[in-house]
Amino acid sequence: MKHSGPDVEEDDLYSGYNNYNPTFDYEMTAKFPGTAIGARPLVSSFGAGAARPMTAVSAAGYSSSLTRGPAFDPLGQARGPAPPLEDKNEDTPEEKIKILEKKVNDLVLESCMAQSSGNFQLALEKAKEASRKERTLVRQREQSDKADQINIDLYGSVLLNLANQYENNEMYPEALQNYKLIVKNRLLQNAGRFNVSMANIYVKQQNYMEAIKLYQKALDQIPNTFKELKMKIMENIGLVFVRIGQYPKAIIYFEDIMSQSPNTKTGYNLVLCYYAIGDKERMKKGFQKLISVPLSFDEDKYIPSNDDDSTDMFTEAIQNDKLHQMERNLKQRSEKYIMTAAKLIAPAIETTFAAGFDWSVDVVKSSQYTDLADDLEIIKAVTYLRQKDFNQAIETLKTFEKKDTRAKSTAGTNLSFLYFLEEDYEQAERYADVAMSTDRYNPGALNNKGCTVFVKQDYEKAAEFFKEALRNDSSCTEALYNLGLTYKKLNRLEESVDCFLKHHAILRNSAEVMYQLANLYPSLLEDPQQAIQWLMHVISVSPTDCGVLAKLGQLFDDEGDESQALHHYTESFRHFPCDIGVAAWLGTYYFKKQYFEKAIKYFERSFCSAGNYHTALETYKETHQRFPEDIECLTFLVRLTNDMGLEEVQEYANKLKKAEKMREVREQRMKSGREGSGRGWREGSAGSAGESAVIVGESGSVCVFPVDRSHSGGSAKGERLSAKMRSLPVSNEPYETSAPKELDASYVDPLGPQMERPKTGAKKRVEDDDFEDEELGDDLLPE
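The rules we used
- Residues numbered from 1 in each chain as written.
- Predicted model: local features only at pLDDT ≥ 70, side-chain atom pairs only at ≥ 80, totals over all residues.
- Heavy atoms only, no water.
- UniProt positions renumbered as here; feature names shortened; annotations may be inferred.
- Helix = DSSP H or I, 4+ residues; strand = E, 2+ residues; numbered from the N terminus.
- Buried < 20%, exposed > 50% of the residue type's maximum accessible area, 1.4 Å probe, protein only.
- Axes fitted to C-alpha atoms, helices over the stretch in contact; angles between N-to-C directions.
- Parallel < 35°, antiparallel > 145°, perpendicular 65-115°, else oblique.
- Left-handed = near helix turned anticlockwise from the far one by under 90°.
- Contact = heavy atoms within 4.5 Å.
- Core = buried A, V, L, I, M, F, W, Y, C linked by side-chain atoms within 4.5 Å.
- Phe/Tyr/Trp six-rings, centres within 6.5 Å; stacked < 30°, edge-to-face > 60°.
- Expected span 1.5 Å × (residues − 1).
- Polar contact = N/O pair within 3.5 Å; in protein donor to acceptor, adjacent residues only side chain to side chain.

1. Quick look at the UniProt feature "repeat: TPR" (unreviewed entry) in the chain
Phase 1 of the analysis: Residues annotated by UniProt as "repeat: TPR" (unreviewed entry) correspond here to residues 192–225 and 231–264.
Phase 2 of the analysis: Regarding residues 192–225, the helix share stands at 71% and the strand share at 0%, and the terminal C-alpha atoms are separated by 14 Å.
Phase 3 of the analysis: When the span residues 231–264 is considered, its composition is 82% helix and 0% strand, and the gap between its end C-alpha atoms is 13 Å.

This is the structure we're talking about:
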């Protein structure tokens, strides 16, 4: 083979690369800068001087000869580093405008970020700074004769952000001013929709008529292509009319929405408006429209088909995703609207609420919300309960006993609750078991089951049911409270306190829980101050609870704080004057302080409330022995012995007659001019030595007090006190006789006609703990 190039040595690895086929020669002249062939003419078969075409053979740059060109340097490293970039001149107007525009955008972004984090004050500061920078930017454009290049979109975003931040900070006048600037600027696209923002501010300011004008203005300016936005504005107009009580005008807008774009919220508001104007027929039609609103999603796609494994895997993956949660919330809200509307209109659309519920149930059964029919039946039974028609409520709930629906468990729970309140614990336990068999995870059924076991005093088993209810629903406060009572019965006081503290963390104002803690702390920690603090919390929630007030008085008395004890005992007596212990303490207190007039009021209340006539009789007898001439004492001895059918009645009647005659003689002597000064305690009110005094109250109770003359102010004060005691009215005597004995004809009842009184023993003695148990005692909480 012949080579067109020069001869090469045999060891040349690159020999032959410059060879070419003469067939491809044609006349061409080319220059290849940076290569060895340069402008060398190539001879080809097309004629002399024809240039060789560009081929990859020579262009690769490889050659066996060192004289053909420079070394191979495809990256151009032999030329050295590239020259540095030219620095931009920031002093030019164009660069200053760009930099300032970027700062404005950054400030708006920072303001929005601060708003999203809840820092409205910082967001407002950034918005104000962005507004200042934007005005500086406009001035610079004007100075550079580039006013036609003003960024109107940037201006609108700055102004809108500033108005939003003013509104978030409740600076409504400033916000309105900025919104008006946006609306008036014709260069801004769709600025009319910001009339809605101004209308919302007027609604917050309760300027409803101005809000309606702006809503209607926005409704006219927004194009029909924004149908959803227009529907929302119409809904706002209807709600404002509802606020000002113009229900017919609100109905017009709600009906328009339901005809174009029905939704459950508007349908619910429409039913409320019909109810407000009392239109029964339109209430029915409105409820039918509400329940016929179609759901915007399909629940069937979340049900596994069990046919295709891949499809089932996909269905399982989307069971609890965000979209399904949103759809579930929408359905729950729609069901809430329907149930509330049915409860509202049922008593109004028919002659009876039962007929109204029956109509609602029939409508619901024929709709896509079939499951709500059973819930309406439950509500019907609850309505019977509120009307105290327990028999009808029980009959309604018993209809679910043969149904295999989810409402069966709810009905069983309610029946168990009713029978528990009626103390029919066997039926209560039976229906609790029915509810549990239908739904083992029903916390209400488990709680009621625990209550029925609790009353059987099987506290360990009751605690298990209460704990199971809490495992199924940690927010079941009834089970938590009952568990605390159970631990208290088991003498596991620390666990009981722990339950009540958890309950208190959930419900801060539960008086029952705080009362239980007040009872437990002295037993557990021997710290009465803790009990006092908890009881003070109870009083802050229930200030008229007489049992708690009495308990506080007792604790303060034990601590030696008589002033606080007096205050709380007095408040307890004011709310419930029949508490014997409270009345006795107050009487004793005022007796020690020698305020005898006040003491007798409480002592007589103590005797009469107790209905302890034998004790009163013994007190009167003892007083008569010490003061045999006391007319008041003899008068009540006659009445008591007569009521009790005793033989001493005639004896005391004779003594009373003699005492009255002696009093008449004394009064005649006093009228004759004898002065009574310095006589001390007279006329049976005290003994001759002046050591005692008897005070007779309005209802006949007698108290004997020692007279301390060193504190009584001498004989003059004794006279005044004696006069006060004699002036006490005694005509309201409660003691009556059911079978009076025949008295001597000479006896005349000094108190006049007798009043009717209850039979002896009819009154139950009221103990201190009775009202504590009734108000805040260890009562179970059935659900």
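2. Focus on unusual backbone geometry
Phase 1 of the analysis: Of note, the phi angle at Gln 206 is positive, near 60°, even though the residue is not glycine.
Phase 2 of the analysis: Within the secondary structure, Gln 206 sits in the loop between α6 (195–204) and α7 (208–221).
Phase 3 of the analysis: A positive phi angle, close to 65°, is found at Asn 491, a residue other than glycine.
Phase 4 of the analysis: Structurally, Asn 491 can be placed in the loop between α21 (477–489) and α22 (493–506).
Phase 5 of the analysis: The exposure class of Asn 491 is exposed, given its relative accessible area of 58%.

3. Brief notes about the packing of helix α5 (residues 172–184) against α6
A pair of packed helices is characterised by two quantities: the angle between their axes and the separation of those axes.
Phase 1 of the analysis: Following both chains from N to C, one finds α5 and α6 inclined at 160°, their axes separated by 9 Å at the closest point. When the axis of α5 is compared with that of α6, the two are roughly antiparallel. As for how α5 packs across α6, the hand of that crossing is left-handed. Listed contacts from α6 to Tyr 172, Ala 175, Leu 176, Tyr 179, Lys 180 and Val 183 of α5 are Asn 195, Ser 197, Met 198, Ile 201, Tyr 202 and Lys 204.

4. Considerations on the nonpolar core
Phase 1 of the analysis: By size, the foremost hydrophobic cluster in this structure holds 72 residues, and its most contacted members are Tyr 179, Tyr 215, Ile 233, Phe 287 and Leu 376.
Phase 2 of the analysis: Sorting elements by how many residues they give to this core places helix α13 (residues 322–349) first, with eight residues.
Phase 3 of the analysis: Excluding residues within four positions of it along the chain, Tyr 215 makes contact with Val 196, Ala 199, Asn 200, Val 203, Ile 233, Asn 236, Ile 237 and Val 240.
Phase 4 of the analysis: Grouped together as the second largest cluster of nonpolar side chains are 38 residues, Leu 493, Val 513, Tyr 569 and Tyr 589 included.

5. Some remarks on the packing of aromatic side chains
Phase 1 of the analysis: Scanning the model with the defined rule gives 14 aromatic pairs in all.
Phase 2 of the analysis: For the ring pair Tyr 268 and Tyr 337, a centre distance of 5.0 Å and an interplane angle of 20° mean the geometry is stacked. Remark: Tyr 337 occurs in helix α13 and Tyr 268 occurs in helix α10 (residues 264–277); sequence separation between them is 69 residues. For the pair Tyr 268 and Tyr 337, a shared accessibility class is recorded, and that class is buried.

6. Regarding α10
Phase 1 of the analysis: When the terminal C-alpha atoms of α10 are compared, their 20 Å separation across 14 residues agrees well with the 20 Å that a helix rising 1.5 Å per residue should span.
Phase 2 of the analysis: Among the residues of α10, Thr 264, Thr 266, Gly 267, Tyr 268, Asn 269, Leu 270, Val 271, Cys 273 and Tyr 274 are the ones counted as buried.
Phase 3 of the analysis: In this structure Asn 263 caps α10, since a side-chain oxygen of it lies 3.3 Å from the backbone nitrogen of Lys 265.
Phase 4 of the analysis: Looking one or two residues past α10, Gly 278 carries a phi angle of roughly 75°, positive in sign.

7. Focus on the packing of helix α16 (residues 390–398) against helix α17 (residues 407–421)
Phase 1 of the analysis: Two elements in contact, α16 and α17, have axes whose closest approach is 9 Å; the angle formed by their N-to-C orientations is 150°. One finds that α16 runs roughly antiparallel with respect to α17. Every pair of crossing elements has a handedness; the one defined by α16 and α17 is left-handed. Within the contact between the two elements, α16 uses Phe 390, Ile 394, Leu 397 and Lys 398 and α17 uses Ala 411, Asn 414, Leu 415, Leu 418 and Tyr 419.

8. Notes on the environment of Val 538
Phase 1 of the analysis: Note that Val 538 resides in helix α24 (residues 528–541).
Phase 2 of the analysis: The sequence separation of Val 538 and Glu 512 amounts to 26 residues, and the corresponding C-alpha distance is 8.1 Å.

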